[in-house]
Amino acid sequence: MSQTLATACHSELLIQKSRFIGCVEPVPDRAAAQARVAELWAEHPTATHVCWALLAGGQSAAVDDGEPSGTAGRPMLEVLRRQQLEGVLATVVRYFGGVKLGAGGLVRAYTDTVAQALLKAEKVPLQRLQRLRCSVPYALEGLLRREIEAAGFSLGEATHGSLVELSFTGPEDKSAAFVARINELGQGKVGWLRAE
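None of the values given here were measured: they were computed from a predicted structure. (Residues numbered from 1 in each chain as written. Predicted model: local features only at pLDDT ≥ 70, side-chain atom pairs only at ≥ 80, totals over all residues. Heavy atoms only, no water.)

Caption draft 1: How the structure looks around the pairing of strand E2 (residues 9–15). For E2 and strand E3 (residues 18–26), the ladder comprises seven bridges, and the chain directions are antiparallel. Looking across to E3, one finds that glutamate 12 is bridged to isoleucine 21. (Pairing = 2+ DSSP bridges. Helix = DSSP H or I, 4+ residues; strand = E, 2+ residues; numbered from the N terminus.)

Caption draft 2: Structural context of the nonpolar core. The biggest cluster of nonpolar side chains holds 24 residues, and the ones touching the most others in it are Leu5, Val24, Met76, Leu80, Tyr110, Val114 and Leu118. Going through the elements one at a time, E3, strand E4 (49–55), helix H2 (73–82), strand E6 (88–95) and helix H3 (102–119) are the ones with two or more residues in this core. For this core, the element with the most residues is H3, which contributes six residues. Excluding anything up to four places from it in sequence, leucine 80 contacts Ala53, Leu55, Leu85, Val88, Ala90, Val114 and Leu118. Counting residues in hydrophobic clusters, the runner-up holds 14 residues, among them Ile21, Val27, Ala33 and Trp52. (Core = buried A, V, L, I, M, F, W, Y, C linked by side-chain atoms within 4.5 Å. Buried < 20%, exposed > 50% of the residue type's maximum accessible area, 1.4 Å probe, protein only. Contact = heavy atoms within 4.5 Å.)

Caption draft 3: Helix H4 (residues 138–150), seen in detail. For H4, with 13 residues, the first-to-last C-alpha span of 19 Å sits near the 18 Å given by 1.5 Å per residue. What H4 keeps buried is the set Leu140, Glu141, Leu144, Glu147 and Ile148. What you see down the axis of H4 is that its buried residues fit within an arc of 140 degrees, all on one side. With respect to the buried face of H4, the exposed residues turned more than 90 degrees away are Ala139, Arg146, Glu149 and Ala150. Contacts from the buried residues of H4 go to strand E8 (129–136), strand E9 (154–160), strand E10 (164–171) and helix H5 (172–186). Count one or two residues on from H4 and you reach glycine 152, which has phi positive near 80 degrees. (Expected span 1.5 Å × (residues − 1). Arc of directions from axis to C-beta.)

Caption draft 4: Inspection of the sheet that holds E10 at higher detail. Taken in spatial order, the four strands make up an open sheet running E9-E10-E8-E11, and their pairing is antiparallel. Two strands lie at the open edges of the sheet, namely E9 and strand E11 (191–193), each paired on one side alone. With strand direction ignored, the average angle separating the axes of adjacent strands in the sheet is 25 degrees. When E8 meets E11, the two strands line up antiparallel, connected through three bridges. Paired with cysteine 134 across the two strands is tryptophan 192, which belongs to E11. Of the strands in this sheet, E8, E9 and E10 touch H4, which is tilted by about 170 degrees from E9. Taken strand by strand, H5 contacts E8, E10 and E11, and its axis lies near 145 degrees from that of E10. (Axes fitted to C-alpha atoms, helices over the stretch in contact; angles between N-to-C directions.)

Caption draft 5: Summary view of the environment of isoleucine 148. Note on placement: isoleucine 148 falls in helix H4. The exposure class of isoleucine 148 is buried, given its relative accessible area of 2%. Separated by 22 residues in sequence, isoleucine 148 and glycine 170 have C-alpha atoms that sit 8.7 Å apart. In this structure, isoleucine 148 is in contact with Phe153, Ser154, Leu155, Phe168 and Phe178, ignoring residues within four places of it in sequence.

Caption draft 6: Region of interest: the state of the cysteines. All chains considered together, the criterion is met by zero disulfides. The closest cysteine sulfur to the non-disulfide-bonded cysteine 51 is located on cysteine 23, 14 Å from its own sulfur. (Disulfide = S-S within 2.5 Å.)

What follows is the structure in structure tokens.
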């Protein structure tokens, strides 16, 4: 089972006078990752590089940011993969110290910076969410709202027309049991709709 991180964790290494400031943190997608990298550039305007790797399903990325190709982003991404993480961004801000490290030295520096940050990180199981939608008669709205809350699902939109349409989100692994319970309680009066 994939894991993500509970919170951001940092590390800092000094290698051949270059300063490597690492961070690993939970990030859901590429847009959020790019926003975070922009924040790091704002915090470190005199840095030489801000390299990053995102492991987030089809939105994964590895960015060398001017370092020789394959010496920063890809090695960082491999560290995340080996740890079986998902929805995690690794960033390393580098301040060049004047000594060239060579390709092997760069790979080790970026890998070690991310690995050091991960040593302090609390890993938590990744919980996939599923969005559900249904329509019920007005008489069942209160019951459904109570069941949604009791199951730990999050209520989204509610539309009132000839029937009440509710959308809600909950853990994917609990969705089938929840639907079965609602069907039983609703005695055939619950209509399931396709979630957008």
